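Listed below, chain by chain, are the residues.
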Amino acid sequence: LEYSPPLPLLPFRKTMTSTRRAAVIRAVAVIGKENEPLFLQTYTESKEDNQTSLHYHVHTSLDIVEEKIGDSGKVYPNAQDMYLGQLYIVQDLKLYGYATNTKTKFVVVVNGTPSSSSMKSWMRDFHELYIQTTANPFCELMDDKSGLYTTTFMNSVRKRIAAFNEKAIGY
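Since the model is a prediction, treat every value here as computed from it, not as a measurement.

(A) Region of interest: the nonpolar core. Residues Val 28, Phe 39, Met 119, Trp 122 and Val 157 are the most contacted members of the largest nonpolar core, which totals 45 residues. Counting residues per element, the ones that place at least two in this core are β1 (24-31), β2 (37-42), α1 (48-69), β3 (83-90), β4 (93-99), β5 (105-111), α2 (116-134) and α3 (151-169). Residue contacts for Val 28: discarding those within four places in its chain leaves Phe 39, Leu 40, Gln 41, Tyr 43, Val 107, Val 108, Trp 122, Phe 126, Val 157 and Ile 161.

The structure is reproduced here in structure tokens:
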């Protein structure tokens, strides 16, 4: 996959009215069943080192995802819920996971503390977007050059992240 520069989002507001820290999505990833990255994008305006760090955290979270889904016949322990919840915390970042029946994995890196229900809802929405994109017969996907890096998919992800961040920050 080719490197794509980060996409800017709304700046993080420093003043907060509540004690809960606003949750801002900083990176999203779609990982294939063989742990190959199908889509990995950071959403920060900071240095490249931070972007590399986010990529590293996404890749290290795959071990925890594999541990949570186990080596059993089922892809995830609770067949009704594909949301894996919080995978781990590193510094001020929290990583959340989601796994499908086809062993496609979704990882989101969040700066702050989102509510469990809002994160679960966002992950389901992200999964639905993935399904809509991959099921579209007119969209060329999964080739060696672009993966899921289509303009439509990237714009849809960016809009969903902006909406989540705006809601969390309260713009």
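(B) Fine view of the sheet that holds β2. Pairing within the open sheet is antiparallel, and its five strands lie in the order β2-β1-β5-β4-β3. Where the open sheet ends on each side, the last strands, each with one partner, are β2 and β3. Averaged over neighbouring strand pairs, the angle between their axes works out to 20° when direction is ignored. The sheet contact formed by β1 and β2 spans five bridges and is antiparallel. If you follow Val 30 over to β2, its bridge partner there is Phe 39. Sitting on the sheet, α2 is in contact with β1, β2, β3, β4 and β5, with an inclination near 135° to β5.

(C) Spotlight on the pattern of salt bridges. All told, the structure shown has two salt bridges when counted by the stated rule. Across the salt bridge formed by Lys 105 and Glu 66, the nearest N and O atoms sit 3.5 Å from each other. With Lys 105 in strand β5 and Glu 66 in helix α1, this residue pair connects regions lying 39 residues apart in the sequence. Note that Arg 160 is salt-bridged to Asp 125, the shortest N-O span being 2.9 Å. Of the two residues, Arg 160 sits in helix α3 while Asp 125 sits in helix α2, which places them 35 residues apart along the sequence. Judged by relative accessible area, Arg 160 falls into the partly exposed class, the value being 23%.

(D) Representation of the packing of aromatic side chains in the model. Under the defined criterion, the tally for this structure stands at seven aromatic pairs. A ring pair is formed by Tyr 98 and Phe 106, whose centres lie 5.8 Å apart and whose planes are at 75°; its orientation type is edge-to-face. The same class applies to Tyr 98 as to Phe 106, namely buried. Seen in terms of ring centroids, Phe 106 and Phe 126 are 5.4 Å apart; in terms of plane orientation they differ by 70°. Their pairing is edge-to-face. Separated by 20 residues along the polypeptide, Phe 106 in strand β5 and Phe 126 in helix α2 bring together distant segments of the chain. Owing to a relative accessible area of 0%, Phe 106 belongs among the buried residues under this scheme. Judged by relative accessible area, Phe 126 falls into the buried class, the value being 0%. Through a chain of ring-to-ring contacts, the aromatic side chains of Phe 39, Tyr 98, Phe 106, Trp 122, Phe 126, Tyr 130, Phe 153 and Phe 164 assemble into a single cluster.

(E) Spotlight on the environment of Trp 122. Within the fold, Trp 122 resides in helix α2. Classification of Trp 122 by relative accessible area gives buried; the value is 6%. Each C-alpha atom, one on Trp 122 and one on Val 108, is 9.8 Å from the other, the two residues being 14 residues apart in sequence. For Trp 122, the contacting residues outside a window of four places in its chain are Ile 25, Val 28, Val 108, Arg 160, Ile 161 and Phe 164.

(F) Region of interest: the pairing of β1. In terms of burial, β1 is a largely internal element, eight of the eight residues being buried. In this sheet, β5 lies alongside β1 in antiparallel orientation, the contact comprising seven bridges. Bridge pairing in β5 links Val 28 to Val 108. Where β1 hands over to β2, the hairpin turn is made up of five residues, of which Asn 35 adopts a positive phi near 60°.

What counts and what doesn't
- Residue numbers run consecutively from 1 along every chain, following the written order of its sequence.
- Totals for whole chains, interfaces and linings use every residue, but because this is a predicted model, local features are given only for residues with pLDDT of at least 70 and side-chain atom pairs only at 80 or more, for both listing and counting.
- Side-chain metrics in this entry use all non-hydrogen atoms of the structure; hydrogen atoms and water are not considered.
- By convention a nonpolar core is built from buried Ala, Val, Leu, Ile, Met, Phe, Trp, Tyr and Cys residues, the set being connected through side-chain atoms within 4.5 Å.
- Categorising residues by exposure relies on relative accessible area from a 1.4 Å probe, with only protein chains included: less than 20% of the type maximum marks a residue as buried, more than 50% marks it as exposed, and the intermediate range marks it as partly exposed.
- The secondary structure listing takes helices from DSSP runs of H or I that are at least 4 residues long and strands from runs of E that are at least 2 residues long, numbered from the N terminus.
- Contacts are assigned to residue pairs with any non-hydrogen atoms lying within 4.5 Å of each other.
- Should DSSP find at least two bridges between two strands, the strands are taken to pair.
- Axis geometry follows a simple rule: fit a line to the C-alpha atoms, using only the stretch in contact for helices, then measure angles between N-to-C directions, giving values from 0 to 180 degrees.
- One speaks of a salt bridge when a side-chain nitrogen belonging to Lys or Arg is within 4 Å of a carboxyl oxygen belonging to Asp or Glu.
- The criterion for an aromatic pair is that two Phe, Tyr or Trp rings (for Trp, the six-membered ring) have centres within 6.5 Å, with stacked assigned to planes under 30 degrees apart, edge-to-face to planes over 60 apart and tilted to the rest.

Shape descriptors only; they carry no functional weight alone.
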